[in-house]
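# Residue-level structure breakdown
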Amino acid sequence: MMVAGPQQPETQTSCHQRRRAHELTEIGRVDAVTLNADSLLWRWAGDLRIAFEGGTAGLLQTMHPAIGYALIEHSNFFEDPVDRVFRSLPGILGTVYDGPDAATTGTQVRDYHRDIKGHMPDGTRYHALNPETYWWAHATFQRMVDRVARYWDSYRLTDAQWEQLYDEGCEWYRRYGVSDSVVPADRRAFDAEFDRYCRDVLEPNPASDYLIDVINRVAIPDMSTSPHLPAHPRLRPLADRLLPTWPVRAALAVPMRLVIFGGLPAGVRDRFGIAWSAADETAYRSVRSAIRVAWHLVPASLKWHDAARRG
Ligand code: HEM
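What comes next is a walk through the structure. (Residues numbered from 1 in each chain as written. Predicted model: local features only at pLDDT ≥ 70, side-chain atom pairs only at ≥ 80, totals over all residues. Heavy atoms only, no water.)

### Considering the coordination of the iron atom of the ligand
Convention followed: Each metal's donors comprise the N, O and S atoms found within 2.8 Å of it (within 3.2 Å for Na, K or Ca). Water is not part of the atom list, so some coordination spheres may appear incomplete. In DSSP terms, a helix is any run of H or I states spanning at least four residues, a strand is any run of E spanning at least two, and both are numbered starting from the N terminus.
In this structure the iron atom of the ligand is ligated by exactly one protein donor, His 113 (NE2), at 2.1 Å. For His 113, the location among the structural elements is in the loop between helix 6 (102-112) and strand 1 (117-119).

If you want it as structure tokens, here you go:
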């Protein structure tokens, strides 16, 4: 199984940075790629509604053959397919929110992956720090944040804000210290590249098959066993009491399937044989609308992931 590599737009990226810096200077936002409390990424990345998009991001990562096989060979993926995601969150969000320490957090995350490498069954080598592979994992997180802002909240970003959020996502990526040679120049190029990966790079593999099977089960796994479950400390006791019980795990299976599969591009659902009806689409959109409305009622103290609260 070959992993197609993207074209390498090295010169495009640096030109883009200069052009963007010039444009931003003109409209008085010279520091638009500084990540701080005024940045859009700070507003959206640690919003707890990433829970509605994180499963889709994790599944899209697993569909990349290099990541799928890396998970099989380097983690306890089959015993616990969700703990990996929970365990990774503090490092990923810390790269955004750790202020002066964020770049250190980013390089620690990168270095964690130095030995995550091997061969796929067809002999092709993979390495987590191959920029094309590492960028894909990051791209799914950027898309996750975008989708929280676009679909799960009633605020409407302007075109300039969408572009700013994209640039801030690129700055997030740079903090890992992995080559940014494959980073698309702007949001439009990002969308095109994302589509190309979905079409040409993602391939069913044993890890993605397994994850899809878990998501289709009648009850979700007992997530309370994960010490890294990102529940607010005040809600943790409730989660610990309810999540192990079968009726609750069964009741959560339907919405969880809806939000994870609903967040996938339609073409990816087709390629991976994921059944999705018009009724599913209607139900999925209703869940999003309900959250958009109800979110105003959630107390501010419960709306943010730990790393974001600290930031
Ligand atoms: C933006 C890109 C990525 C980020 C931010 C990221 C983040 C992380 C973090 C924070 C951990 C540590 C979890 C812990 O402390 O236990 C981790 C573990 C891991 N990552 Fe990544 N990762 C990325 C890309 C990749 C890629 C491209 C691969 C594979 C090709 C990969 C494979 C793994 C594996 C196998 C583990 C070990 C999981 C385990 O111990 O069960 N990661 N990742």
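### Some points on the side chain of His 305
Worth spelling out the cut-off: Here a residue-residue contact requires only that any non-hydrogen atoms of the pair lie within 4.5 Å.
Inspection of the secondary structure puts His 305 in the loop between helix 14 (278-294) and helix 15 (306-310). Filtering out sequence-adjacent residues up to four positions away, His 305 remains in contact with Gly 46, Leu 48, Leu 89, Leu 93 and Pro 230.

### Quick notes on the packing of helix 7 (residues 131-151) against helix 9 (residues 187-201)
Heads up, the condition is: Lines fitted to C-alpha atoms define the axes, with helix axes restricted to the stretch in contact, and inter-axis angles between N-to-C directions lie between 0 and 180 degrees. Left-handed is the label given to a crossing in which the near helix is rotated counterclockwise from the far helix by less than a right angle, and right-handed is the label when the rotation is clockwise. Gly falls in the polar group here, along with every residue not listed as nonpolar (Ala, Val, Leu, Ile, Met, Phe, Trp, Tyr, Cys, Pro) or charged (Asp, Glu, Lys, Arg).
Here helix 7 crosses helix 9 at 115°, and the two axes come no closer than 11 Å. Helix 9 is crossed by helix 7, and the crossing has left-handed handedness. On helix 9, the residues that touch Glu 132, Trp 135, Trp 136, Ala 139, Thr 140, Gln 142, Arg 143 and Asp 146 of helix 7 are Arg 187, Phe 190, Glu 193, Phe 194, Tyr 197 and Cys 198. Taken together, the residues of the contact of helix 7 with helix 9 sort by class into seven nonpolar, two polar and five charged.

### What about helix 8 (residues 159-174)?
Quick note on the threshold: Helices are assigned an expected span. That span is 1.5 Å times one less than the residue count. For each residue, the accessible area found with a 1.4 Å probe, counting protein chains only, is set against the maximum for its type, and the residue is called buried under 20%, exposed over 50%, and partly exposed in between.
For helix 8, built from 16 residues, the straight-helix expectation of 22 Å at 1.5 Å per residue is met to within 8% by its first-to-last C-alpha distance of 23 Å. By the criterion of burial, helix 8 is predominantly enclosed, with 13 of the 16 residues buried.

### Considerations on the site of the ligand
For clarity, the cut-off: Think of it this way: one heavy atom of a residue within 4 Å of a molecule or strand is enough to make that residue near it. What qualifies as a polar contact is a pair of N or O atoms within 3.5 Å, subject to a donor-acceptor requirement within protein and to the restriction that residues adjacent in sequence count only when both atoms come from side chains. Here a cavity is any set of points on a 1 Å grid over the protein atoms alone where a 1.4 Å probe fits but cannot get out, and a pocket is any open set with protein on both sides within 12 Å along at least 5 of 7 lines; a residue lines the site when it has an atom within 4 Å of a point. Pocket occupancy is defined atom-wise: a molecule lies in a cavity or pocket when more than half of its atoms are within 2 Å of its grid points.
Neighbouring residues of the ligand: 20 residues in total, closest Ser 75, Arg 87, Tyr 112, His 113 and Tyr 176. Within the contact set of the ligand, an oxygen atom lies 2.5 Å away from a side-chain nitrogen or oxygen of Arg 87. Put simply, the ligand lies in the second largest pocket. Where the shell around the ligand is concerned, the elements lending two or more residues are helix 4 (65-74), helix 5 (83-97), helix 6 and helix 7. It is helix 4 that contributes the most residues to the shell around the ligand, five residues altogether.

### Remarks on helix 9
For helix 9, which comprises 15 residues, the first-to-last C-alpha distance of 20 Å matches the rise-based estimate of 21 Å (1.5 Å per residue) to within 8%. What helix 9 keeps buried is the set Arg 187, Phe 190, Glu 193, Phe 194, Arg 196, Tyr 197, Cys 198 and Val 201. Residues of helix 9 that are buried sit in contact with helix 3 (51-62), helix 4, helix 7, helix 8 and helix 13 (266-271).

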